[in-house]
Amino acid sequence: MRERGFNTKAIHGPGTRFPLQSVSPPIYETTTFRYDTVEEGAALGVDRGEGFYYTRWGNPTTVELEARVALLEGGEMAIATGSGMGAISTVILGLLQSGDHLVAPRAVYQASYELFAQILPRYGITATLIDRVDVEAYEAALRPETKIVYVETPNNPLLDVTDIAGVVRTAHAHGALVVVDNTFASPYNQNPLVLDADAVVHSMTKYLGGHADVTAGIIVGRRDLLLQLRPRFRVYGPVLDPFAAWLVLRGLKTLGLRMERHNQNALGLARVLAKHSQVERVHYPGLPEHPGHTIAHRQMRGFGGMMSFEVRGGIAAGARVVEALQTAVMAVSLGSVETLVTHPASTTSVGIPAPDRARAGIREGLIRVSVGLEDLDDLVDDFTRALEAP
Ligand SMILES: Cc1ncc(COP(=O)(O)O)c(C=O)c1O
């Protein structure tokens, strides 16, 4: 039988029938579940019983969300978490132990960087943070004790692209696991598990929720790996609230439609900005001149809604442009229906010394854009007017 399409899977999930013939998944806003005999309670506590026990162990609303995201990523199992960092910390701390080694790019999400560079060493785990994100750079950093190879693609802030299949081949040949942060791409545009990665993490706060109104995360992957992680997750405790799970379930139903429009708007805006005299450079994997274009074309269905560009005139010009925007909103985060912009040199990265910022690719006039779902003409007008403002 033909495999169902992305939107059908996102809307119907695995076909769970809900109580009272409810079409929308019910919200089980309860922390605990009744059992009738002590034997039943004892079995549920060790995962051998039928049914639910305690929401940190599992909750029907959250389980439905886990099943749907697993389906969309091509994974066997998922664990939803209270934030993207909850997912990342659980995978990394849950799989590594003293003596292990991790390879990751220096240019990962800031809190992931802090986990790798500052927190892991306290537990006797070493990390090699690489400056380039190509397969050769990953391979050169591998050691016999490397347990996890971590990928974030496309990444922040220059939308660099890593060849997932290439890294997986190299890492697996050395006996290491591959974990991919798929937040920027979303499961609509990219499925690392299909390319043989071992686990995927998402900040569902971003595209999966999609409306900037819920903080959530998820780990998806092979059953044996996730079964290993589940007892640790229950101890660390970054549990997702059932109402938050339901908000993400609602967001998921339109993920495919939204991503199509994010992809179109970002490509349209990137093309216009690339021709503007005030713009020095545009970083978007959908543009043929982007260094990651060929790999992105091979491993992504669309190029995503994230882009960045460099304004001529340095830090003052960058700040002036973001402040002059009227439709796009100055705010951190990404993946919502609204277009969001940040000027890292004057805001999110203001505490980093200029030479370190430059090393991380954060040039003075760099503006990051999470392109939303507004009408493209309005976005083009807004950015053009802001670039030309006195
Ligand atoms: C790529 C990426 N991964 C992980 C996270 C962390 O997600 P959360 O804020 O939901 O903990 C973020 C948040 O901005 C992100 O951009």
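Residues numbered from 1 in each chain as written. Predicted model: local features only at pLDDT ≥ 70, side-chain atom pairs only at ≥ 80, totals over all residues.

> Any details on the domain arrangement of the protein? Residues and values, ideally.
Annotation of the protein at the domain level lists domain 1 (6-252) and domain 2 (255-388). Summarising the inter-unit geometry, the C-alpha centres of domain 1 and domain 2 are found 27 Å apart. Residue-level contacts link 30 residues of domain 1 with 30 residues of domain 2. Elements with a contribution of two residues or more to the side of domain 1 that touches domain 2: α1 (6-12), α7 (164-173), α8 (186-189) and α10 (242-252). (Domains from an automatic or database assignment. Contact = placed C-beta atoms within 7 Å. Helix = DSSP H or I, 4+ residues; strand = E, 2+ residues; numbered from the N terminus.)

> Can you tell me about the sheet that holds strand β2 (residues 101-105), naming the residues and giving the values?
The mixed open sheet is built from 7 strands, whose spatial order is β1-β7-β6-β5-β4-β2-β3. Strands with a single pairing partner mark the edges of an open sheet, and in this sheet they are β1 (77-81) and β3 (126-130). Adjacent strand axes in the sheet meet at a mean angle of 20°, parallel and antiparallel pairs treated alike. Direction of pairing for β2 relative to β3: parallel, over a ladder of 5 bridges. Bridge pairing in β3 links Ala 104 to Leu 129. (Pairing = 2+ DSSP bridges. Axes fitted to C-alpha atoms, helices over the stretch in contact; angles between N-to-C directions.)

> Residues and numbers for the site of the ligand, please.
By nearness alone, 13 residues border the ligand, and Ser 83, Gly 84, Met 85, Ser 203 and Thr 205 come closest of all. Its residues assigned to classes, the shell around the ligand shows 3 nonpolar, 8 polar and 2 charged. (Near = placed C-beta within 6 Å. Nonpolar A, V, L, I, M, F, W, Y, C, P; charged D, E, K, R; others polar.)

> Could you give an account of the nonpolar core, with specific residues and numbers?
Counting 67 residues, the largest nonpolar core has Leu 102, Val 149, Val 178, Ile 219 and Val 248 as its most contacted members. Not counting residues up to four positions away in its chain, the partners in contact with Val 178 are Val 149, Val 151, Val 167, Val 168, Ala 171, Ala 197 and Asp 198. Among the nonpolar cores identified, the runner-up in size contains 36 residues, and Ala 266, Val 341, Ile 367 and Leu 379 belong to it. (Core = buried A, V, L, I, M, F, W, Y, C linked by C-beta atoms within 7 Å. Buried ≥ 20, exposed ≤ 12 C-beta atoms within 10 Å, placed from the backbone.)

> Just give me the short version of the packing of helix α11 (residues 255-274) against helix α15 (residues 376-388), but keep the residues and values in it.
At their nearest, the axes of α11 and α15 sit 10 Å apart, and the two run at 35° to each other. Between α11 and α15 the crossing geometry is right-handed. Mapping the contact onto sequence places Asn 265, Gly 268, Leu 269, Val 272 and Leu 273 in α11 and Leu 376, Leu 379, Val 380 and Phe 383 in α15. Partitioned by chemical class, the residues of the contact of α11 with α15 number 7 nonpolar, 2 polar and no charged. (Left-handed = near helix turned anticlockwise from the far one by under 90°.)

> Provide a residue-level description of the pairing of strand β12 (residues 366-370), including the pertinent values.
In terms of burial, β12 is largely enclosed, as 5 of its 5 residues are buried. Of the two faces of β12, both are covered, the one formed by Leu 366, Arg 368 and Ser 370 as well as the one formed by Ile 367 and Val 369. Sheet topology places strand β9 (residues 306-311) next to β12; 5 bridges connect them, and they run antiparallel. By the bridge assignment for β12, Ser 308 is matched with Arg 368. Both strand β11 (residues 340-342) and β12 contribute to a ladder of 3 bridges, which runs antiparallel.

> Would you mind going over the sheet that holds β11 in detail, with residue names and values included?
The sheet built from 5 strands is open, its strands ordered β8-β9-β12-β11-β10 with mixed pairing. Strands at the two margins of the open sheet, each flanked by one partner only, are β8 (279-283) and β10 (329-330). Relative to the sheet, helix α13 (residues 314-324) contacts β9, β10, β11 and β12, its axis offset from that of β12 by approximately 30°.

> Any chance you could break down unusual backbone geometry for me, citing the residues and the numbers?
Across the junction of Thr 153 and Pro 154, the peptide omega takes the value -10°, indicating a cis bond. Mapped onto the elements, Pro 154 comes out in the loop between β4 (146-152) and α7. Looking along the chain, the bond that leaves Asn 156 and enters Pro 157 is cis, with omega of -5°. If you trace the backbone, Pro 157 turns up in the loop between β4 and α7. With phi around 60°, Leu 159 is a residue other than glycine that occupies positive phi space. Along the chain, Leu 159 turns up in the loop between β4 and α7. Looking at Leu 159, the number of C-beta atoms within 10 Å reads 28, which means it is buried.

> Describe the packing of helix α4 (residues 84-95) against helix α9 (residues 223-236), naming the residues involved and giving the relevant values.
For the pair α4 and α9, the least separation of the axes is 10 Å and the interaxial angle reads 120°. Between α4 and α9, the crossing angle belongs to the class labelled oblique. Along this stretch, α4 crosses α9, giving a crossing that reads as right-handed. Of the residues in α9, those touching α4 at Ser 89, Thr 90, Val 91, Gly 94 and Leu 95 are Leu 229, Arg 232, Phe 233 and Tyr 236. When grouped by side-chain class, the residues that make up the contact of α4 with α9 number 5 nonpolar, 3 polar and 1 charged. (Parallel < 35°, antiparallel > 145°, perpendicular 65-115°, else oblique.)

> Describe the environment of Asn 263, naming the residues involved and giving the relevant values.
Position of Asn 263 among the secondary structure elements: in helix α11. The contacts of Asn 263, once residues within four sequence positions are left out, are Gly 302, Phe 303, Gly 304 and Gly 305.

> Break down α7 for me, with residues and values.
Considered for burial, the residues of α7 that qualify are Ile 164, Val 167, Val 168 and Ala 171. Seen from one end, α7 has its buried residues packed into an arc of 100°, which puts them on one side. For α7, the elements touching its buried residues are α6 (135-141), β4, β5 (177-181) and α12 (293-299). Positive phi appears at Gly 175, one or two residues downstream of α7, with a value of about 80°. (Arc of directions from axis to C-beta.)

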